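# Inside the fold
The lines below spell out each chain.
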Amino acid sequence: MDRTGIALTDESLVGKEINLTNCDREPIHIPGLIQPYGFLLCLDEHTRRIVQVSANTRELLGLSAEELIGQGLELLFDAGRLPGIHAQLDTVREAHRLLGVRLDTHPEQPFYKLIMHRFDGLLWLEFEPVQSASDGPLDLPSLNDALGLMLAASSVVEFCEYAVQQVRQITGFDRVMAYRFAEDESGEVVAEACRPDLEPFLGLHYPATDIPQQARAMYLRNWLRFIPDVKYTPVPLVPTNHPGTARPPDMTYAVLRSVSPIHVEYLKNMGVGATMTISLIRDRKLWGLLVCHHYSPRLVSYELRDLCQFIGKTFSALLKSKEQADDFIYQVNLREQQARLFGLLAEYPDFRKTLYDHLPAVKEVFDCGGVIVSFDGTLATSGTAPAEGQARELVAWLDEHMQGELFHTNSYARHNPAGSAIRASASGILAIRLSHTVGEYLIWLRPEVLQTVTWAGQQQKAEVLQDGQLHLSPRRSFAAWSQSVESTALAWKPVEVEAAQEIRLRIADIRLRLFNQMQERAQLLSQLNAELERSNDELDSFAYVASHDLKEPLRGIHNYSLFLLEDYADKLDSDGIHKLETLVRLSQRMESLIESLLQLSRVGRLEPEIRAVNLNEILAEVTDVLQPRFQQTGTQLHVKGPLPTVYTDPVRVQEVFNNLLTNAMRYNDNPAKTVEVGVAPAGVPSPRGLVSDAEYHVLYVRDNGIGIAPRHHESIFKIFKRLHSQEKYGGGTGAGLAIAKKMIERSGGQLWVESELGQGATFYFTIPKQ
């Protein structure tokens, strides 16, 4: 950081060749050179003696630099004029003071405009000759009218148009442009006043590299820069270095300061003969420039330049209010659309229905291309939006990366490279979170900026051969060329972000009201569930008592029927024997049903005994018991990898394995029967949604049997529900799956099946990890 706060300079480059490899570090504030349309004297601020002089004084005054150094101002002015000059020097600071003076001691007594300021320990006296050709009287009524128009301008662009017209009228430059900087520091010509025969530059864009950072920093301190003749030959200071230092003096506020040779060559390549630049500053930041070009040398008087500087400062003071006026017009329209949406949200009790049924109204709130609403797994779009699969990928990305309740960007591809695939519809994203549930968002979309940005010349630095050596030089062709802005949309305005936040809060209020209503209903349901639970307990108790008490008389019927067959078969005819056999069979069937009912009632009555259970050991015990059946049916059992140790009731999980393995062998008519047991991969979908791998173990039993049609996937878990006759596939009561399902659910898990008829079946069941 140097004395003016200008950064990114390298003072070791003083006196060395400046080219495109080092111009971004050029110390432009200490060139040690001036433009030759005037001359410069630097005085010691204490002794008021000349310590530095521009080398062109001999041509202008007939006195060499060596003759002037060490002298006082009495060498140029008579005693009557000196007190007035010294009085000014007593109070002068960085801001310029202007005096009209005559060099009394010079033989021809020429008139000069003396421009004074104090900086870097020196008093600066810059002399501009008064031209014989006058600029003409200033048209004050016209200036007053122009300033009135600037004050009345209703938009920033109109404001800029009035400013360039007035500056051109005052100075007579061939072209005057208002040049506005973008966020990336590139620039755009937003207003222009020029000779009718000139090619217009309006709408052209220029890369940020055209104005190095150190130049931008100087523009913030020195409001106006002027070059009356681009083809000038710089004049050095004598001596070059600041007295007592090893560097040239800081010329940040010097009117005659020589400019960068790179900038001069840049102007020559454009065919410019003279130029003037006025800073436009908003909130202490460089907003833009008023740039004047003339295609031949043109010396504009200091007074008129100072008037243009006044216009620039007036423009800067009013700029914020003009931008606010532009924003206000858009904000009024935005508020109207927002109020319409709020009206719809208030009209319908379910905000989700409003969002889905009135998506065009949601989209119209902002200047955007499309909108996405994602809620409860349902996704809908309006306007220009990505395909559903791409939209779901965007929602998934937000789930993973969105921090807080709102996210916005004008280049989604910069955050997620996959976003380049949807840049045509969704380069810009403004998303609000509808709830803390994953996948629930309202997203407004802006397309990639389809306009082609016109740049004045190519951004690349041209390479030029000089004396057989390759040198970098400024761009030599300023023919407009087009460059598309890839994967970038118009930026979201702060007022739009604020409005989106308000929409999110309004929806949150509606959700809160709905939640309160749901709480009231939940309390009522809780009461009903408590009554239902009592009824179920009573039903379980009745089933237990009934099944337990019925078993003894039923067993007596069964036994006495067998006694009759054994003791009196020879006394009965065939019809009597058949009836007794039927009675035995029915009593056996009845006993099996009652046993199943008793087992089911026990599941409801008895609390599970939860402890650490090694499923490998449980499966081994079940397999050992069923081994004869495996051999009899020729079934091969495959266990995929070791099973986990879980916290559950060992008896219940044993019953579940027993039931599922028995069914897998029973309902299989393949000659090569197989059953597979293992741990399911993560993310298995269940009837209730995706199973959380962090919360549950998911196990499966898969067979290659007869399969189950999807329409029966729910009914097979109902008590005593059979899909086949009792005689087919070895009988059975139809209660096993109902009992297994109840056992799993009482342990906090779920049991379901995936199957197609003729393609085997896979039964999944979950066991909580906690």
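Refer to the preceding data block for the structure.
Residues numbered from 1 in each chain as written. Predicted model: local features only at pLDDT ≥ 70, side-chain atom pairs only at ≥ 80, totals over all residues. Heavy atoms only, no water.

## Section: the pairing of strand β15 (residues 378–383)
Examined bridge by bridge, strand β14 (residues 370–375) and β15 share six bridges and lie antiparallel to one another. If you follow Val 373 over to β15, its bridge partner there is Ala 380. Counted between consecutive antiparallel strands, the loop separating β14 from β15 contains two residues, among which Asp 376 sits at a positive phi close to 55°. (Pairing = 2+ DSSP bridges. Helix = DSSP H or I, 4+ residues; strand = E, 2+ residues; numbered from the N terminus.)

## A look at the sheet that holds strand β18 (residues 441–446)
Spatially, β15-β14-β18-β17-β16 is the arrangement adopted by the five strands of the open sheet, whose pairing is antiparallel. For this open sheet the edge positions go to β15 and β16 (406–409), each flanked by a neighbour on one side alone. Here the strands of the sheet are splayed against their neighbours by 10° on average, with no regard to which way each runs. Of the pairings in the sheet, the one linking β14 to β18 comprises five bridges and is antiparallel in character. Residue pairing in the sheet places Val 373 in a bridge with Leu 442 of β18. Here helix α11 (residues 388–401) sits on the sheet in contact with β14, β15, β16, β17 (428–433) and β18, set at roughly 115° to β18. (Axes fitted to C-alpha atoms, helices over the stretch in contact; angles between N-to-C directions. Contact = heavy atoms within 4.5 Å.)

## Considering a nonpolar patch on the surface
Taken together, the side chains of Phe 328, Ile 329 and Val 332 make up a nonpolar region of the molecular surface, amounting to roughly 300 Å² of accessible area. Positionally, Phe 328 belongs in helix α8 (residues 302–347). Exposure remark for Phe 328: the relative accessible area of 54% places this residue in the exposed category. (Patch = residues over 30% accessible without salt bridge, like charges linked within 9 Å, V, L, I, M, F, W, Y side chains within 5 Å. Areas by Shrake-Rupley, 256 points an atom, 1.4 Å probe, with all protein chains shown as cover. Salt bridge = Lys/Arg side-chain N within 4 Å of Asp/Glu carboxyl O. Buried < 20%, exposed > 50% of the residue type's maximum accessible area, 1.4 Å probe, protein only.)

## Here's the deal with the side chain of Lys 322
Inspection of the secondary structure puts Lys 322 in helix α8. This buried residue, Lys 322, is left without a salt bridge; Glu 158 holds the nearest opposite charge, at 7.7 Å. Polar contacts involving the side chain of Lys 322 include one to the main-chain carbonyl oxygen of Met 150, which spans 3.4 Å. Setting aside anything within four residues of it in sequence, one finds Lys 322 in contact with Met 150, Leu 151, Ala 152, Ala 153, Val 156 and Phe 159. (Lys, Arg positive; Asp, Glu negative; His and termini not counted. Polar contact = N/O pair within 3.5 Å; in protein donor to acceptor, adjacent residues only side chain to side chain.)

## Some thoughts on the nonpolar core
Core analysis: the largest hydrophobic core is formed by 51 residues, its most contacted members being Trp 124, Cys 160, Phe 173, Met 276, Leu 290 and Phe 315. Those residues in contact with Phe 173 that sit more than four places away from it in its chain are Arg 168, Phe 226, Ala 274, Thr 275, Met 276, Cys 292, His 293, His 294, Arg 298 and Val 300. Counting 34 residues, the second largest nonpolar core, distinct from the first, contains Val 613, Leu 619, Val 701 and Ile 708. (Core = buried A, V, L, I, M, F, W, Y, C linked by side-chain atoms within 4.5 Å.)

## Some points on the environment of Gln 636
Its place among the elements puts Gln 636 in strand β24 (residues 635–640). Overall, the relative accessible area of 48% leaves Gln 636 in the partly exposed class. A C-alpha to C-alpha distance of 4.7 Å links Gln 636 and Thr 674, two positions 38 residues apart in sequence. Not counting residues up to four positions away in its chain, the partners in contact with Gln 636 are Lys 673, Thr 674 and Val 675.

## What to know about the pairing of strand β2 (residues 39–44)
Burial analysis of β2 places five of its six residues in the buried class, which makes it a mostly covered element. Of the pairings in the sheet, the one linking β2 to strand β6 (residues 122–129) comprises six bridges and is antiparallel in character. Residue pairing across strands places Cys 42 opposite Trp 124, the latter belonging to β6. Alignment of β2 against strand β3 (residues 50–54), held across three bridges, turns out to be antiparallel. Counted as the bridge partner of Leu 41 is Val 53 from β3.

## With respect to α11
An ideal rise of 1.5 Å per residue puts 20 Å on 14 residues; α11 measures up with 20 Å between its terminal C-alpha atoms. Taken together, the buried positions of α11 are occupied by Ala 391, Leu 394, Val 395, Trp 397 and Leu 398. Taken down its axis, α11 places every buried residue within 160° of arc, on the same side. Exposed residues on α11 whose side chains face more than 90 degrees from its buried face are Glu 393 and Glu 400. On the buried face of α11, the contacting elements are β14, β15, β16, α12 (412–415), β17 and β18. (Expected span 1.5 Å × (residues − 1). Arc of directions from axis to C-beta.)

## A few points about the sheet that holds strand β31 (residues 761–768)
Read from one edge of the open sheet, five strands run β24-β26-β29-β31-β30, paired in mixed fashion. The outermost strands of the open sheet, each flanked by one partner alone, are β24 and β30 (751–755). The average undirected angle you get between the axes of adjacent strands in this sheet is 15°. By the bridge criterion, five bridges tie strand β26 (residues 673–679) to strand β29 (residues 696–703) in an arrangement that is antiparallel. Across the sheet, Val 675 pairs through a bridge with Asp 703, a residue of β29. Packed onto the sheet, helix α18 (residues 736–746) meets β30 and β31 and runs at close to 125° relative to β30.

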